[in-house]
Amino acid sequence: MTTEHEEIAVVGAGLAGCLTACFLARRGYRVALYERRPDPRTGRIERGRSINLALSERGLDALRRIGLDEQVMADALPMRGRMIHPVAGEPQFQSYSASGDRAINSISRGALNNALLDAASALPGVRIAFDHRLVGLDPATGEMTFETPQGKVTETAAVVLGADGAGSAVRGQLVGHGLLTESLDFLDYGYKELTIPPLGGDFALDPDALHIWPRGTSMMIALPNPDRSFTCTLFWPTHGTAAFASLGSPAAIERHFAEHYPDLIPLAPNLVDDYQHNPVGVLGTVRSTPWQVDGRVGLLGDAAHAIVPFYGQGANCAFEDVVELDRCLDECADDWAAALPLFQQRRQGNAEAIARMALTNFVEMRDKVASPLFQARKRVEHA
Ligand code: FAD
């Protein structure tokens, strides 16, 4: 059992890591939060990696518990349904609920991360070390090695929590020590961000909806931002003739979008520049087991169970992890050797369920939402 004087290390100051630091500090722990990047509050967002999230009640519940929900929701835009854009004809709205009052919330991942960083830094007992990339871990002693601009440094903690995302270095260290097995299933689809700027100072599309352009082998979505722009995410195969690399010139890009996404052309003046310069992100599902070793090293969030983004639940699920870990610590009187296995036992089945649902929803979003049968079924459900 650790005492309130022992330090817990959280590797990764992303969404799950910052929230974990907040919850642990509230329990009386000293927390060291290590992040490989510089402080994002002082830097610029990497091009094409802005990502806006659909934050749902699952995630909001976690924020509410640390009193951050109202601040985060002040910048959120509620989306009450899907707006389906056919190739020809008017877009059609499909409400998420019969009453029309239920919504998911569009929020910038960067802004959410910054709010969580602010909340963590404001708590006594939380120390954040930026520019610290974990490159080594001894699971038996909790000794960690970090690469920093000043060279390699070592630190030790009573418990090390890996909240370092889908490519988790903590998970990699456990695999390297033969203590964990992982599977990484990459989709043959990638994603690229495009932007719809404000039009005449206002939103160019209805901001109350998550916009979807279902095109069978490809799909595009757009979520509204507080500055009245939309961030579009285009999902397309990474290889083959109908794939990102097949559009090699500005003319080919314009031709393709005019054919498949004609209503986007007048709304996206920077389409060609965005397309040519924004990176293609990879998508995949990470499974690992176990999620902890001897109550000394644990994984949570994407580090334990990254999923494809088509259900909009990766961050929501990571936030739920943190709430459940807190609950397990309560129930186990802060005995980490009991709490971490209990956490895995309660969360692993849920993580697997949402991983499968997210893959299934990709087929629904890119294809079925546009079918007359699907739309008729929705009308019956809402009648
Ligand atoms: P991350 O947010 O990846 O944070 C990990 C942190 O660890 C980062 O800060 C990273 O720099 C740091 N790190 C990595 N390696 C090291 C190291 N070696 N040493 C130190 N630090 C390290 N989720 C939703 O809920 N709703 C959505 O609508 C949604 N849409 C998405 C759309 C796209 C295109 C994508 C790609 C994802 C989407 N997600 C969505 C998923 C969501 O972004 C992730 O599930 C969430 O960010 C996971 O949080 P995390 O803290 O576990 O990992």
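Residues numbered from 1 in each chain as written. Predicted model: local features only at pLDDT ≥ 70, side-chain atom pairs only at ≥ 80, totals over all residues.

As recorded in an unreviewed UniProt entry, the protein goes by the name Kynurenine 3-monooxygenase, listed as coming from Micromonospora krabiensis. The record held by UniProt for the protein lists under Sequence similarities (unreviewed entry) the comment "Belongs to the aromatic-ring hydroxylase family. KMO subfamily." Per its UniProt entry, the protein bears the Cofactor (unreviewed entry) comment "FAD". (UniProt positions renumbered as here; feature names shortened; annotations may be inferred.)

Draft legend 1. Helix 4 (residues 109-121), seen in detail. Counted at 1.5 Å a residue, the expected span for helix 4 with its 13 residues is 18 Å, and the 18 Å between its end C-alpha atoms agrees. By the burial criterion, the buried members of helix 4 are Leu112, Ala115, Leu116, Leu117, Ala119 and Ala120. Structurally, helix 4 contributes buried residues whose contacts are with helix 1 (15-26), strand 2 (30-34), strand 3 (52-55), helix 3 (69-74), strand 7 (104-108) and strand 8 (126-129). (Helix = DSSP H or I, 4+ residues; strand = E, 2+ residues; numbered from the N terminus. Expected span 1.5 Å × (residues − 1). Buried ≥ 20, exposed ≤ 12 C-beta atoms within 10 Å, placed from the backbone. Contact = placed C-beta atoms within 7 Å.)

Draft legend 2. Highlighting the sheet that holds strand 14 (residues 209-214). Taken in spatial order, the seven strands make up an open sheet running 6-5-14-15-16-13-17, and their pairing is mixed. Of all strands in the sheet, those bounded by a partner on one side alone are strand 6 (92-95) and strand 17 (281-289). Across the sheet, the mean angle from the axis of one strand to that of its neighbour is 30°, orientation sign disregarded. As paired strands, strand 15 (residues 219-224) and strand 16 (residues 230-237) are joined by six bridges and run antiparallel to one another. The residue of strand 16 that forms the bridge with Pro224 is Phe230. The sheet strands contacting helix 10 (residues 336-366) are strand 14, strand 15 and strand 17, and the helix crosses strand 14 at an angle near 70°. (Pairing = 2+ DSSP bridges. Axes fitted to C-alpha atoms, helices over the stretch in contact; angles between N-to-C directions.)

Draft legend 3. Representation of the sheet that holds strand 9 (residues 133-138) in the model. A sheet is described by the order of its strands in space; here three strands give the open sequence 9-10-11, paired in antiparallel fashion. The strands lining the two open edges of the sheet, one partner per strand, are strand 9 and strand 11 (151-156). For this sheet the average axis-to-axis angle between neighbouring strands, irrespective of direction, equals 25°. Relative to strand 10 (residues 143-148), strand 9 is paired through five bridges, and the arrangement is antiparallel. Note on strand 10: the bridge partner recorded for Leu134 is Phe146.

Draft legend 4. Broad picture of the site of the ligand. Near the ligand there are 34 residues, and of these Gly12, Gly14, Gly165, Gly301 and Gly314 occur at the shortest range. Among the secondary structure elements, those contributing two or more residues to the shell around the ligand are helix 1, strand 3, strand 9, helix 8 (302-305) and helix 9 (314-331). The element best represented in the shell around the ligand is helix 9, accounting for four residues. Partitioning the shell around the ligand into residue classes produces 16 nonpolar, 11 polar and seven charged. Residue contributions to the shell around the ligand reach at least three from each of two domains, namely domain 1 (7-78 + 109-184 + 284-368) and domain 2 (187-281). (Near = placed C-beta within 6 Å. Nonpolar A, V, L, I, M, F, W, Y, C, P; charged D, E, K, R; others polar. Domains from an automatic or database assignment.)

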